[in-house]
Amino acid sequence: MGVMPNLKNIAVVGAGMMGHGIAQIFATHGHKVILLDVSDEILTKAIENIRANLILLARSGIGSEKEIEPSIERITTTRNMEEGVSGARLVIESIPEDLNLKQNLFQKLDALCPFDTILATNTSVMSITEIASKASKRERIVGTHFWNPPYLIPLVEVIKGQDTSAQTIDAVFDLLKSIKKYPVLVKKDVPGFVGNRLQHALWREAISIVEQGIADPATVDEVIKKGFGVRLPVLGPLENADMVGLDLTLQIHQYILKHIERSPDPSPLLRQKVEQQELGFKTGRGFQGWTTEAMERCRKQLLKHLIAWHQRSEKD
Ligand SMILES: NC(=O)c1ccc[n+]([C@@H]2O[C@H](COP(=O)([O-])OP(=O)(O)OC[C@H]3O[C@@H](n4cnc5c(N)ncnc54)[C@H](O)[C@@H]3O)[C@@H](O)[C@H]2O)c1
């Protein structure tokens, strides 16, 4: 790539759970955003969701009421891909987690966008190199993994695919910092990157503990929420290992690792629950039963916690 691209105009492809929130962050930081999806209903809903998010944030002291409409006015919606991405200096893809769908989209974006337009994917776990495989200008294709809800969780994992250029990585880092996100570099394009490897190692063990009858689901969650989870915001596992000593960590691992779940396949209990349509919030029963009120309470508690966390970290 020649000249460093001016990343003023951003296109977000896919206006679902993640896409609308990603569009929102760029718009609140002064960028013009084009939000694309396959239906007008989804796009209308996305703008409604953005307005509701901004109202909630303003009422919580994050952002201001008078910035809500100007931010929304910076977002244009369209179903027309060619029109949507033509003026964008960065396109962020946030369509469903389906490799074929993403590969075809990147092939199309690669053909439509000038060579200095950066193309980013918000995939949660998939290889950036594979997603880019049908495109020709692969040095401008990069992973930018936001976390849900993207306007409250600061981290974005920036993943270098096999062909991603250093210039692309630098430009994306600069841009993310300018919108007050916290980018980290994932140096190898491995499934799950860093965050989802860690998260799903924990989930696999949690499900295995329930499956073996060691503790019930509520207890497993309590152990985390009232136990080591309390210190996680200030002490990561590697800092914690340093704090207790690597010699002690080695002794513990020598004893315990053989007892920890290491199956490469999803748990039979998980499969059985899915077969029985015990899908969690979607069907009112998963690892525990969920009434409508309990689900609403859980969602509200999470949002309240994230807002409080955000308010504290803005002060630090
Ligand atoms: N949901 C999460 O918590 C989360 C977190 C981080 C990353 N992700 C990743 O973000 C991506 C999107 O996830 P989501 O949860 O927002 O999904 P979603 O299903 O809520 O939204 C996807 C949207 O993409 C639209 N779409 C599908 N094909 C399209 C196309 N060709 N052009 C334009 N729009 C198209 C759909 O209509 C839908 O509105 C996935 O790769 C997912 O793995 C999700």
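Residues numbered from 1 in each chain as written. Predicted model: local features only at pLDDT ≥ 70, side-chain atom pairs only at ≥ 80, totals over all residues.

So, about the confidence of the model for the protein. A residue-level look at the protein finds 97% of positions with pLDDT of 70 or above and a mean pLDDT of 95. Ignoring residues within four places in sequence, the model shows residues 1-7, a span with pLDDT below 50, making 19 contacts including any to other chains. (pLDDT = per-residue confidence, 0-100. Contact = placed C-beta atoms within 7 Å.)

With that out of the way, let us pick up the site of the ligand. By nearness alone, 22 residues border the ligand, and Gly14, Gly16, Met18, Ser124 and Asn148 come closest of all. Of the residues contributing to the shell around the ligand, the split by class is twelve nonpolar, eight polar and two charged. (Near = placed C-beta within 6 Å. Nonpolar A, V, L, I, M, F, W, Y, C, P; charged D, E, K, R; others polar.)

You'll often see interface size given as the accessible area lost when the parts meet. Under the domain assignment, the protein is made up of domain 1 (9-186) and domain 2 (196-315). Summarising the inter-unit geometry, the C-alpha centres of domain 1 and domain 2 are found 28 Å apart. On the side of domain 2, five residues touch domain 1, which itself brings six residues to the contact. For the side of domain 1 that touches domain 2, the per-class residue count stands at three nonpolar, three polar and no charged. (Domains from an automatic or database assignment.)

Okay, the packing of helix H1 (residues 19-28) against helix H2 (residues 40-59) next. The N-to-C vectors of H1 and H2 enclose an angle of 55 degrees; their axes lie 9 Å apart at closest approach. On the basis of the axis angle, H1 is oblique to H2. Where H1 crosses over H2, the handedness of that crossing is right-handed. From H1, His20, Ala23 and Gln24 reach across to H2, where they touch Ala46, Asn49, Ile50 and Asn53. Here the residues of the contact of H1 with H2 sort into three nonpolar, four polar and no charged. (Axes fitted to C-alpha atoms, helices over the stretch in contact; angles between N-to-C directions. Helix = DSSP H or I, 4+ residues; strand = E, 2+ residues; numbered from the N terminus. Parallel < 35°, antiparallel > 145°, perpendicular 65-115°, else oblique. Left-handed = near helix turned anticlockwise from the far one by under 90°.)

When strand S7 (residues 155-159) meets strand S8 (residues 182-186), the two strands line up parallel, connected through five bridges. Pairing of Val158 across the sheet is with Leu185, part of S8. On the question of chirality, the crossover connecting S7 to the parallel S8 by way of helix H7 (residues 166-178) is right-handed. (Pairing = 2+ DSSP bridges. Right-handed = clockwise from strand over helix to strand, strands pointing away.)

The next thing to look at is helix H8 (residues 195-211). Look at H8: 24 Å from first C-alpha to last across 17 residues, which is about the 24 Å you get at 1.5 Å a residue. Looking one or two residues beyond H8, the residue adopting positive phi is Gly213, at roughly 75 degrees. (Expected span 1.5 Å × (residues − 1).)

Moving on to the nonpolar core. Counting residues in hydrophobic clusters, the biggest one holds 51 residues, and the most contacted among them are Ala11, Val12, Ala23, Val33, Leu35 and Val91. Not counting the four nearest positions on each side in its chain, Val12 is found in contact with Gly19, Ile22, Ala23, Val33, Leu35, Leu36, Ile92 and Ser94. (Core = buried A, V, L, I, M, F, W, Y, C linked by C-beta atoms within 7 Å. Buried ≥ 20, exposed ≤ 12 C-beta atoms within 10 Å, placed from the backbone.)

Pairing in this open sheet of eight strands is mixed, and the strands run S3-S2-S1-S4-S5-S6-S7-S8 from one edge to the other. Each of the sheet's edge strands pairs with one partner strand only, and the pair in question is strand S3 (75-78) and S8. Adjacent strand axes in the sheet meet at a mean angle of 25 degrees when their direction is disregarded. Of the strand pairs in this sheet, strand S1 (residues 9-13) and strand S2 (residues 32-36) are connected by five bridges, and their pairing is parallel. Each bridged residue has a counterpart across the sheet, and for Asn9 the counterpart in S2 is Lys32. Running at roughly 170 degrees to strand S5 (residues 118-121), helix H5 (residues 99-112) makes contact with S1, strand S4 (90-93), S5 and strand S6 (141-146) of the sheet.

It is worth spelling out the pairing of S3 at this point. Of the two faces of S3, only the one carrying Ile75 and Thr77 is buried; Thr76 and Thr78 on the other face are not. When S2 meets S3, the two strands line up parallel, connected through four bridges. Note on S3: the bridge partner recorded for Leu35 is Thr77.

All right, on to the environment of Trp290 then. As for its position among the elements, Trp290 is in the loop between helix H12 (268-275) and helix H13 (292-315). Between the C-alpha atom of Trp290 and that of Gly280, which follows or precedes it by ten residues, the distance is 7.3 Å. Those residues in contact with Trp290 that sit more than four places away from it in its chain are Phe281, Gly284, Arg285 and Met295.

Looking along the chain, the bond that leaves Asn148 and enters Pro149 is cis, with omega of -5 degrees. The phi angle at Lys180 is positive, at roughly 65 degrees, despite the residue not being glycine. Looking at the secondary structure, you find Lys180 in the loop between H7 and S8.

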